[in-house]
Amino acid sequence: MATASDCLFCKIVAGEIPNDTVHETDTVLAFRDITPRANVHVLVIPKAHQDTLAQMSAEDADSVAELFTAAGEVARLEGIDESGYRVVSNVGPDAGQEVFHVHVHVLGGQNLGPVAAGRG
Ligand code: 5GP
Ligand code: ZN
């Protein structure tokens, strides 16, 4: 499995940094964001390291499907599958990506407002 020695999320996958796990499979891990920006804020990551979604291609179709399947499972486990939720991934500087290990945010448990902060 691809890992990056200086990657925070690879360290979480390796158990070197504690996390509040919500859901786990052989290939993905879902855990609570340390700075929640909504009542429910869970990060879903592939266990194998890739920097961003932009690196993923058709070869990674299974991995992408597993990520989104896990996001749906997290929503069910958190009880927000009926009320609704948002799945987002920040890619690069304009999106404010902080951790360069692919992840999607699952946000919900409240009305989330518009999808982006707007222009300018
Ligand atoms: P990004 O901005 O890269 O899309 O999101 C990275 C997310 O990781 C942020 O929402 C941030 O709060 C979260 N985060 C950063 N460090 C940690 C950590 O050590 N543990 C957990 N659970 N979340 C973290
Ligand atoms: Zn990593």
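Residues numbered from 1 in each chain as written. Chains lettered and ligands numbered in written order. Predicted model: local features only at pLDDT ≥ 70, side-chain atom pairs only at ≥ 80, totals over all residues. Heavy atoms only, no water.

Caption draft 1: The arrangement of the overall build of the protein chain in detail. Within the protein chain, the regular secondary structure consists of two helices and five strands. Across the protein chain, helices and strands are ordered from the amino to the carboxyl terminus as α-β-β-β-α-β-β. Since a compact globule built from 120 residues should have a radius of gyration of about 14 Å, the 14 Å found for the protein chain is in line with a globular shape. Looking at the protein chain as a whole, 37% of its 120 residues are labelled buried. Restricting to contacts in the protein chain with at least 6 residues of sequence separation, those with at least 24 account for 57%. Of the roughly 7100 Å² that the protein chain leaves accessible, carbon and sulfur atoms contribute 49%. Considering the protein chain, the positive charge centre built from 7 side chains and the negative charge centre built from 17 side chains are found 8 Å apart. (Helix = DSSP H or I, 4+ residues; strand = E, 2+ residues; numbered from the N terminus. Rg over C-alpha atoms; globule rule 2.2 N^0.38 Å. Buried < 20%, exposed > 50% of the residue type's maximum accessible area, 1.4 Å probe, protein only. Contact = heavy atoms within 4.5 Å. Areas by Shrake-Rupley, 256 points an atom, 1.4 Å probe, with all protein chains shown as cover. Lys, Arg positive; Asp, Glu negative; His and termini not counted. Charge placed at Lys NZ, Arg CZ, Asp CG, Glu CD.)

Caption draft 2: Focus on the coordination of the zinc ion (ligand 2). Looking at the zinc ion (ligand 2), one finds its protein donor set to be C7 (SG), C10 (SG), H49 (ND1) and H101 (ND1), positioned 2.0 to 2.3 Å from the metal centre. Of note is the zinc ion (ligand 2), whose four donor atoms meet at the metal with angles of 103 to 117° in an arrangement that counts as tetrahedral. Read N to C, the donor residues that coordinate the zinc ion (ligand 2) are spaced as C-x2-C-x38-H-x51-H. One end of the pair, C7, is in the segment before helix 1 (8-13); the other, H49, is in the loop between strand 3 (40-46) and helix 2 (61-78), and 42 residues separate them in sequence. Like H49, C7 is buried. (Donors = N, O, S within 2.8 Å, 3.2 Å for Na, K, Ca; no water. Tetrahedral: all angles 85-135°; square planar, octahedral: opposite > 155°, others 65-115°.)

Caption draft 3: Region of the structure containing the site of ligand 1. Taken together, 17 residues lie near ligand 1, and D33, R37, E98, H103 and H105 sit nearest. One nitrogen or oxygen atom from the main chain of I34 is found 3.2 Å from a nitrogen atom belonging to ligand 1. At 2.9 Å from an oxygen atom of ligand 1 is found a main-chain nitrogen or oxygen belonging to V99. For the shell around ligand 1, the secondary-structure elements that each account for two or more residues are helix 1 and strand 2 (28-32). If you tally residues by element for the shell around ligand 1, the top one is helix 1, at three residues. Residues of the shell around ligand 1, tallied by class, amount to seven nonpolar, six polar and four charged. (Near = heavy atom within 4 Å. Polar contact = N/O pair within 3.5 Å; in protein donor to acceptor, adjacent residues only side chain to side chain. Nonpolar A, V, L, I, M, F, W, Y, C, P; charged D, E, K, R; others polar.)

Caption draft 4: How the structure looks around the packing of aromatic side chains. By the definition in use, this model includes one aromatic pair. Aromatic pair F9 and F31: ring centres 5.5 Å apart, planes at 85°, arrangement edge-to-face. Placement of the pair is F9 in helix 1 and F31 in strand 2, with a sequence separation of 22 residues. (Phe/Tyr/Trp six-rings, centres within 6.5 Å; stacked < 30°, edge-to-face > 60°.)

Caption draft 5: Geometry of the environment of L67. One can find L67 in helix 2. A relative accessible area of 0% means that L67 is categorised as buried. In the structure, L67 is positioned 37 residues away from V104 in sequence and 7.7 Å away in space, judged by C-alpha atoms. Not counting residues up to four positions away in its chain, the partners in contact with L67 are V28, V44, I45, P46, V102 and V104.

Everything listed here is a matter of geometry and, on its own, says nothing about what the molecule does.
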